[in-house]
Amino acid sequence: MIIEILQADTQSIHKVVECFDLYRQFYGQESDRKACEAFLSERQASFESIVLYAQNKDGDVLGFTQLYPTFSSLSLRRDLILNDLYVHEKARGQGVAKKLLTAARDHGKKMNSKGLLLETDILNAKAQSLYESFGFERETDHYFYYLTI
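Residues numbered from 1 in each chain as written. Predicted model: local features only at pLDDT ≥ 70, side-chain atom pairs only at ≥ 80, totals over all residues. Heavy atoms only, no water.

**A short note on the packing of aromatic side chains**
When we look at a pair of aromatic rings, we describe it by the centre distance and by the angle of the planes. Rules: Two aromatic rings from Phe, Tyr or Trp, using only the six-membered ring of Trp, form a pair when their centres are within 6.5 Å; if the ring planes differ by under 30 degrees the pair is stacked, by over 60 it is edge-to-face, and anything between is tilted. Working definition: with a 1.4 Å probe on protein chains only, accessible area under 20% of the residue-type maximum means buried, over 50% means exposed, and in between means partly exposed. Charge over a ring is defined by NZ of Lys or CZ of Arg lying within 6 Å of the ring centre and within 35 degrees of the ring normal.
Considering all chains together, one arrives at nine aromatic pairs under this definition. On the numbers, 5.4 Å between centres and 70° between planes, the contact of Y23 with Y27 is edge-to-face. On the accessibility criterion, Y23 (12% relative accessible area) is buried. A relative accessible area of 39% means that Y27 is categorised as partly exposed. Among the aromatic residues, those joined into a cluster by ring pairs are F20, Y23, F26, Y27, F39, F64 and Y86. Geometry around F39 places R43 over its ring, the cationic atom sitting 4.6 Å from the centre.

Below you can see the structure in the form of structure tokens.
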């Protein structure tokens, strides 16, 4: 299967909406394609995220990843948060996730980013296995805290 990785922009972000909505449903959210499209469009228009998506030769979107730029004060460099990664059920097991991770890493290198940070559910063993096989290392010397506001 031929898989092409593209970076979405304001003109093409609509292609990712279905996968983004399925991703949110995977994590227990209600389907809301209109809100998904508005959210993604706002991120693109404000240059607040980088969306990379995989498509086949027919133009079907197979998956996506969304990166949020941030900075590391200690290293004085840019950092990227890999916030979302989703592969459509019909495309799983075909290397789509690895291609998206490779594109995310390459994009980070091009931006002179220090690295990619991600989090996943502690019960999501498949994702953990994928990330570790790609070279991500599980943090063991930091605690992450979250404040709901």
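Read on for the rest.
**A short note on the sheet that holds strand β2 (residues 50-56)**
Let me state the cut-off plainly: What makes two strands pair is DSSP finding at least two bridges between them. Put simply, DSSP H or I for four residues or longer makes a helix, DSSP E for two residues or longer makes a strand, and each gets a number counted from the N terminus. Axis angles are defined between N-to-C directions and span 0 to 180 degrees, where every axis is a line fitted to C-alpha atoms and, for a helix, only to the segment in contact. Any two residues whose heavy atoms approach within 4.5 Å at even a single point are treated as in contact.
Spatial strand order, β1-β2-β3-β4-β5: five strands in an open sheet with mixed pairing. Edge strands, defined here as strands with exactly one partner in the open sheet, are β1 (3-7) and β5 (113-117). Sheet twist, expressed as the average angle between the axes of neighbouring strands with direction ignored, equals 25°. Of the strand pairs in this sheet, β1 and β2 are connected by five bridges, and their pairing is antiparallel. When the sheet's bridge partners are listed, Q7 is paired in β2 with L52. Its contacts with the sheet place helix α3 (residues 96-110) against β1, β2, β3 (61-72), β4 (77-87) and β5, and it is angled at close to 165° to β4.

**Quick word on unusual backbone geometry**
Backbone phi values are negative for most residues with the exception of glycine, while trans is the configuration of most peptide bonds. Phi at F47 is positive, roughly 55°, even though this residue is not glycine. Summarising the element assignment, F47 is placed in the loop between α2 (33-45) and β2. Among the residues examined, F47 registers a relative accessible area of 74% and is labelled exposed. With a phi close to 60°, N112 is a non-glycine residue in the positive phi region. Here N112 lies in the loop between α3 and β5.

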